[in-house]
Amino acid sequence: MKKQILILLLIPNCLIGFSQQEITSQDSINIIKKADNRVLSLRKQLKKYWIDESIDFASDTCRIETIEFEKMEIDYSTLGMNVAISESKYQYDKLLNKYYKKLVAKLEGSDKEILKQTQRDWIRFRNSEYKLGFLLSKEKYSGGGTMQSINRNMLGKILTKNRLIEIYHHYLGLIP
């Protein structure tokens, strides 16, 4: 009986040290400041060796990853992680659109249609991967659990980020 009472008394103390919290507006300001500082430091380091276009790309992706990481450090609940990952995916999608438009602008006439068709094919591939991800996250295959929603969400982020990198490399490979 004494052991049970001791355990009940200790549980709340243990949970206090490990509880996540919601991200406040002040947290958001601090996260942005951290991301801005990290990007500024990165830009200074890369300025010696890289071209401006590559510095911009590295800065943009560093900012996205820093913000996601910092948000998850504060709110590491399933919902908190899913929100942070979704926001990162959205930001990567915006960057993908930015570099896709830059790549289209460099192509001539009917060559643009090849890129557009490739992008449509990639969207079909991405959607098929989503279906597979949802299938494999079912309890009968994965064992279930709240982690499955994070895995599915991360799949979307990774697919988008990888496509961004592919488009960016195509763009970099073009003659200026």
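All of the points below concern the structure found in this document.

Describing the packing of aromatic side chains
Moving on, step 1. The tally for this structure, following the rule as stated, stands at four aromatic pairs.
Moving on, step 2. On the numbers, 3.8 Å between centres and 5° between planes, the contact of Phe57 with Tyr168 is stacked. Of this pair, Phe57 sits in helix 3 (residues 52–74) while Tyr168 sits in helix 7 (residues 147–172); the two residues are 111 residues apart in sequence, bridging distant segments of the chain. In this structure, Phe57 and Tyr168 share a single accessibility class: buried.
Moving on, step 3. Here the aromatic rings of Tyr99 and Tyr168 are separated by 5.3 Å at their centres, their planes lie at 85°, and the arrangement is edge-to-face. Residue Tyr99 is found in helix 4 (residues 78–106), and its partner Tyr168 is found in helix 7; the two are separated by 69 residues along the sequence. The pair Tyr99 / Tyr168 is uniform in exposure class, with both members buried.
Moving on, step 4. Here the aromatic residues Phe57, Tyr99, Tyr168 and Tyr171 are joined through ring pairs into a cluster of three or more.

Points about a nonpolar patch on the surface
Moving on, step 1. A contiguous nonpolar surface patch, about 370 Å² in accessible area, is contributed by Leu132, Leu135, Leu136 and Tyr141.
Moving on, step 2. Element by element, the count of residues in the nonpolar patch is highest for helix 5 (residues 111–136), at three residues.
Moving on, step 3. Tracing the backbone shows Tyr141 in helix 6 (residues 139–142).

Observations concerning the nonpolar core
Moving on, step 1. Ranked by internal contacts, the top residues of the largest apolar core, which has 15 residues, are Tyr99, Leu115, Leu164 and Ile167.
Moving on, step 2. When residues of this core are traced back to their parent elements, those giving at least two are helix 3, helix 4, helix 5 and helix 7.
Moving on, step 3. In terms of residues, this core owes the most to one element, helix 4, which gives seven residues.
Moving on, step 4. In this structure Leu164 touches Phe57, Thr61, Tyr92, Leu95, Leu96 and Tyr99, once residues within four positions along its chain are discounted.
Moving on, step 5. Counting six residues, the second-largest nonpolar core is a separate cluster that includes Val39, Leu42, Ala58 and Cys62.

Quick look at the environment of Thr61
Moving on, step 1. Secondary-structure assignment places Thr61 in helix 3.
Moving on, step 2. Classification of Thr61 as buried rests on a relative accessible area of 15%.
Moving on, step 3. Expressed as a C-alpha distance, the spacing of Thr61 and Val39, which sit 22 residues apart in the sequence, is 9.3 Å.
Moving on, step 4. The contacts of Thr61, once residues within four sequence positions are left out, are Tyr92, Leu95 and Leu164.
Moving on, step 5. Within the structure, Thr61 has its side chain in polar contact with the backbone oxygen of Ala58 (distance 3.1 Å).

Procedures and definitions
- Residues numbered from 1 in each chain as written.
- Predicted model: local features only at pLDDT ≥ 70, side-chain atom pairs only at ≥ 80, totals over all residues.
- Heavy atoms only, no water.
- Phe/Tyr/Trp six-rings, centres within 6.5 Å; stacked < 30°, edge-to-face > 60°.
- Helix = DSSP H or I, 4+ residues; strand = E, 2+ residues; numbered from the N terminus.
- Buried < 20%, exposed > 50% of the residue type's maximum accessible area, 1.4 Å probe, protein only.
- Patch = residues over 30% accessible without salt bridge, like charges linked within 9 Å, V, L, I, M, F, W, Y side chains within 5 Å.
- Areas by Shrake-Rupley, 256 points an atom, 1.4 Å probe, with all protein chains shown as cover.
- Salt bridge = Lys/Arg side-chain N within 4 Å of Asp/Glu carboxyl O.
- Core = buried A, V, L, I, M, F, W, Y, C linked by side-chain atoms within 4.5 Å.
- Contact = heavy atoms within 4.5 Å.
- Polar contact = N/O pair within 3.5 Å; in protein donor to acceptor, adjacent residues only side chain to side chain.

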